[in-house]
Amino acid sequence: MRARYDGLAEWYDERFVEDAETHQPGLLDLLGRGSGACLDIGCGTGRNFATIRASGRTPVGLDFSIDQLGRARSRTDGPLLHGDAAALPFADESFGTAISMWISTDVDDFGAVLREAARVLRPGGVFVAYGVHPCFNGPHVVYEDDGRRTDYQTYRQSGWHTDKPWWAEDGIRRRIGMNHVTLAEYLNVIIGSGLVTEHFDEPAGHDIPHALAFRARKP
């Protein structure tokens, strides 16, 4: 099956990674200091490898897109694996830390991704997720030119959305679409994963939160 991001790696890297800040707001604080391998689930082109290293850990990247992994190779000499985030190719309790960045709206079942992350974490292991804010960033939201956001009455229409008239012609959503998960659904899949949440964050950078992040731990 063709990965959704195949054929877009160069465009994606140039637009979202190459001139971006090295560390996404709040990510280092959520990770905290540590050591050992950190699994980057849906690593894309390796945008977060520098942050993983800055935390004291060693990145292990996994993505479903071969094209994205090809670009990621320029950012690490460590392990990169082609695989499905909802069926990780690792034994139980393989990692002390795992992250997933901006993939909750790109996968068919984010709950399955979280359950797999919990499975491959050791007891006491840390998991950090960072992604689209279900309330203020989705197919129901229009970004206005003056900085306001308009919400349409489609917030409760969870699932895949492939086209909205307000999506930018040259934007990622026109190319990929997005799987909208409501806030309640998002919180419930965290509970269902078996991970214990320690902290939620709405990272800085936008007056109206653009992202929702959390840190959890495997009991």
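Source: prediction; values computed, not measured.

A. Highlighting the nonpolar core. Leu39, Ile41, Phe127, Tyr186 and Phe214 are the most contacted members of the largest nonpolar core, which totals 27 residues. For this core, the secondary-structure elements that each account for two or more residues are strand 1 (37-41), strand 2 (58-63), strand 4 (95-101), helix 5 (110-120), strand 5 (121-132), helix 7 (183-193) and strand 11 (211-217). Among the elements that take part in this core, helix 5 stands out by supplying six residues, more than any other. If we skip the residues at most four places from it in the chain, tyrosine 186 touches Ser104, Phe110, Ala129, Pro134, Val181, Leu212 and Phe214. If you look at the next biggest cluster of nonpolar residues, it comprises 16 residues, including Leu31, Cys43, Leu69 and Val128.

B. Spotlight on the UniProt feature "domain: Methyltransferase type" (unreviewed entry) in the protein chain. Residues given the UniProt feature "domain: Methyltransferase type" (unreviewed entry) here are residues 39-128. Helix makes up 27% of residues 39-128 and strand 30%, and the two end C-alpha atoms of the span are 10 Å apart.

C. The arrangement of the pattern of salt bridges in detail. Scanning the model with the defined rule gives 14 salt bridges in all. Two residues, aspartate 108 and arginine 4, come together in a salt bridge whose shortest N-O distance is 2.8 Å. Separated by 104 residues along the polypeptide, aspartate 108 in the loop between strand 4 and helix 5 and arginine 4 in the segment before helix 1 (9-16) bring together distant segments of the chain. For arginine 119, the salt bridge identified is with aspartate 92, shortest N-O distance 2.8 Å. Here the residue arginine 119 occupies a position in helix 5, and aspartate 92 occupies one in the loop between strand 3 (80-82) and strand 4, the gap between them amounting to 27 residues. The exposure class of arginine 119 is partly exposed, given its relative accessible area of 22%. Since its relative accessible area comes to 52%, aspartate 92 is described here as exposed. One continuous salt-bridge network, built from bridges that share partners, spans Asp13, Glu18, Arg71 and Arg75.

D. Just the packing of aromatic side chains, in detail. Under the defined criterion, the tally for this structure stands at ten aromatic pairs. Judged by centre distance (6.1 Å) and plane angle (85°), the ring pair of tyrosine 186 and phenylalanine 214 falls under edge-to-face. Placement of tyrosine 186 in helix 7 and of phenylalanine 214 in strand 11 is noted, with a sequence separation of 28 residues between them. What makes tyrosine 186 buried here is its relative accessible area of 2%. Residue phenylalanine 214 is classed as buried on the basis of its relative accessible area, which comes to 0%.

E. Representation of empty space enclosed by the protein in the model. Within the structure shown, the criterion is met by one cavity of 30 Å³ or more. In this structure, the largest cavity encloses a volume near 40 Å³. Sorting elements by how many residues they give to the lining of the largest cavity places strand 9 (residues 178-180) first, with three residues. Residues belonging to the lining of the largest cavity are distributed by class as follows: five nonpolar, five polar and no charged.

F. Seen up close, the sheet that holds strand 2. The strand order 3-2-1-4-5-11-10 describes an open sheet built from seven strands, whose pairing is mixed. Each end of this open sheet is capped by a strand with a single partner; those strands are strand 3 and strand 10 (196-201). Averaged over all pairs of adjacent strands, the angle between strand axes in this sheet comes to 20°, irrespective of strand direction. Where strand 1 meets strand 2, five bridges bridge the pair, whose relative direction is parallel. Bridging across to strand 2, alanine 37 finds its partner in threonine 58. Those strands touched by helix 5 are strand 1, strand 4, strand 5 and strand 11, and its axis lies near 150° from that of strand 5. Sheet strands in contact with helix 7 are strand 5, strand 10 and strand 11, and its direction is about 15° off that of strand 11.

The rules behind each value
Residues numbered from 1 in each chain as written. Predicted model: local features only at pLDDT ≥ 70, side-chain atom pairs only at ≥ 80, totals over all residues. Heavy atoms only, no water. Core = buried A, V, L, I, M, F, W, Y, C linked by side-chain atoms within 4.5 Å. Buried < 20%, exposed > 50% of the residue type's maximum accessible area, 1.4 Å probe, protein only. Helix = DSSP H or I, 4+ residues; strand = E, 2+ residues; numbered from the N terminus. Contact = heavy atoms within 4.5 Å. UniProt positions renumbered as here; feature names shortened; annotations may be inferred. Salt bridge = Lys/Arg side-chain N within 4 Å of Asp/Glu carboxyl O. Phe/Tyr/Trp six-rings, centres within 6.5 Å; stacked < 30°, edge-to-face > 60°. 1 Å grid on protein atoms, 1.4 Å probe; cavity = no way out; pocket = protein on both sides within 12 Å on 5 of 7 lines; lining within 4 Å. Points joined across faces, edges and corners; volume = space filled by probe spheres on them. Nonpolar A, V, L, I, M, F, W, Y, C, P; charged D, E, K, R; others polar. Pairing = 2+ DSSP bridges. Axes fitted to C-alpha atoms, helices over the stretch in contact; angles between N-to-C directions.

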